[in-house]
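Structural characterization, general
Single-letter residue listing:
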Amino acid sequence: MTDGLIERERMQQSLHLAREVQQNLLPKSNLKVNGFDIAGKSVYCDETGGDYYDFITIKDNSSEQLGVVVADVVGHGISSALIMASVRSAIRQRLAMPGSISQIITDVNCQLAGDLADYGQFVTLFYMLVDPARHTLEWVRAGHDPAIFYDPQTDTFEELRGDGIALGVDMHGHYAQYQKTNLKKGQIVLLGSDGLWEARNPAGEMFGKEPICEITRKLAQASAREILTSCFHGFNVFLGDRAPEDDVTLVVIKISED
């Protein structure tokens, strides 16, 4: 029994260390850069998880762009955390070389498909390139939920969709990129994982996207951090005493200047 307790303590220490390492792979802080206000958060249902978000500064000649990634590895726990770390590394490595965002994600998929071929696992991902100088958003969608775009001037919500299967499924998969131009001050983009929308409360009701949209509408004049905090508060109130059964991630991007 003593040996078992010692082994269990070692396992708990290893999980705690793995959690610390994974948390350090996530952005250390929110961003306010070149007219964009950006905030993100991941909450794991186990010690470690498969959700991932990242903010990556990209210098293109004289301009500076920002890559925003939200990804979800199938499942959760240690195995998903290891794949998440591999995805982060593959994306950051590939971004150091030239190429369109569609080519970048296509190359990352090719690498991951080779690594995951024997395990039946895959990764959904939404990659968005924010260009402050041109006031544009470009994105690639790889099997992930569409981003949500809110324009407070017209009080309309739009899903930023696009074709593309999850990463790691087909080594020969190719990904298209899409663009939104003429961005205006006050517009908001939400990137999330399905652990948020599909969570259920003790009554079995699904959280859905409507509460997130309603909070965004009410707080359209607030900062990205305030919108993010309020969304997670609403989510926790909805769950009540029930713990989330999946990892949860949300990123809020707000255009703060014309």
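Quick caveat, the model's predicted, so the values are computed rather than measured.

Let us now look at the overall build of the chain. Across its full length, the chain carries 6 helices and 11 strands. Counting every position in the chain, which comprises 258 residues, the buried fraction comes to 48%. Once local pairs closer than 6 in sequence are excluded, the contacts in the chain between residues at least 24 apart make up 70%. Surface exposure of the chain reaches about 12,700 Å², of which carbon and sulfur atoms provide 50%.

It is worth spelling out the pairing of strand 10 (residues 188-192) at this point. Across the 5 residues that make up strand 10, a large majority, 5, are buried. On strand 10, burial covers both faces: I188, L190 and G192 on one face and V189 and L191 on the other are all buried. Strand direction decides the pairing type here: strand 7 (residues 147-151) and strand 10, joined by 3 bridges, are antiparallel. For F149, the partnering residue across the bridge sits in strand 10 and is V189. Bridging between strand 10 and strand 11 (residues 248-255) involves 5 bridges; their strand directions are antiparallel. Looking at the pairing, G192 lines up with L250 of strand 11.

All right, on to the environment of N236 then. Among the structural elements, N236 can be located in helix 6 (residues 224-239). It is 9.5 Å that separates the C-alpha atoms of N236 and N201, two residues lying 35 residues apart in sequence.

Here we take up the sheet that holds strand 11. What the 6 strands build is an open sheet, ordered 1-2-11-10-7-8; its pairing is antiparallel. Bordering the open sheet on either side are strand 1 (31-33) and strand 8 (156-160), each of which pairs with just one other strand. Each adjacent strand pair in this sheet contributes to an overall mean axis angle of 15°, direction not counted. Direction of pairing for strand 1 relative to strand 2 (residues 36-43): antiparallel, over a ladder of 3 bridges. The residue bridging V33 from the neighbouring strand is F36, located in strand 2. Lying over the sheet, helix 6 contacts strand 2, strand 10 and strand 11, oriented at roughly 30° with respect to strand 2.

Turning to its location among the elements, T124 is positioned in strand 5 (residues 123-131). A distance of 2.8 Å separates a polar atom in the side chain of T124 from a polar atom in the side chain of H144. If sequence neighbours within four positions are ignored, T124 has contacts with V70, A71, D72, A142, G143, H144 and A166.

As a further point, take unusual backbone geometry. Negative phi is the rule for most residues except glycine; trans is the rule for most peptide bonds. A positive phi angle is found at D155, which is not glycine, with a value near 50°. Tracing the chain through its elements places D155 in the loop between strand 7 and strand 8. Despite not being glycine, N182 has its phi angle at roughly 55°, a positive value. Position of N182 relative to the elements: it lies in the loop between strand 9 (178-180) and strand 10. Exposure remark for N182: the relative accessible area of 53% places this residue in the exposed category.

A few words on helix 2 (residues 78-95). With 18 residues, helix 2 extends 26 Å from end C-alpha to end C-alpha; this agrees with the ideal 26 Å at 1.5 Å per step. Restricting attention to buried positions, one finds in helix 2 the residues S80, A81, I83, M84, V87, R88, A90, I91, R94 and L95.

Among the secondary structure elements, R242 is positioned in the loop between helix 6 and strand 11. On the basis of relative accessible area, R242 is assigned to the partly exposed category, the value being 29%. In this structure the C-alpha to C-alpha distance between R242 and P202, which are 40 residues apart in sequence, comes to 6.2 Å. For R242, the residues in contact, after removing those within four places along its chain, are R200, N201 and P202. Only 2.7 Å separates the side chain of R242 from the side chain of E245, close enough to count as a polar contact.

Put simply, helix 5 (residues 210-218) and helix 6 touch, their axes get as near as 10 Å, and they point 145° apart. Judged by the twist between their axes, the crossing of helix 5 over helix 6 is right-handed. Residues I212, I215 and T216 of helix 5 lie in contact with helix 6, whose contacting residues are I227, S230 and C231. Of the residues assigned to the contact of helix 5 with helix 6, the class counts are 4 nonpolar, 2 polar and no charged.

What counts, and where the lines are drawn
Residues numbered from 1 in each chain as written. Predicted model: local features only at pLDDT ≥ 70, side-chain atom pairs only at ≥ 80, totals over all residues. Heavy atoms only, no water. Helix = DSSP H or I, 4+ residues; strand = E, 2+ residues; numbered from the N terminus. Buried < 20%, exposed > 50% of the residue type's maximum accessible area, 1.4 Å probe, protein only. Contact = heavy atoms within 4.5 Å. Areas by Shrake-Rupley, 256 points an atom, 1.4 Å probe, with all protein chains shown as cover. Pairing = 2+ DSSP bridges. Axes fitted to C-alpha atoms, helices over the stretch in contact; angles between N-to-C directions. Polar contact = N/O pair within 3.5 Å; in protein donor to acceptor, adjacent residues only side chain to side chain. Expected span 1.5 Å × (residues − 1). Left-handed = near helix turned anticlockwise from the far one by under 90°. Nonpolar A, V, L, I, M, F, W, Y, C, P; charged D, E, K, R; others polar.

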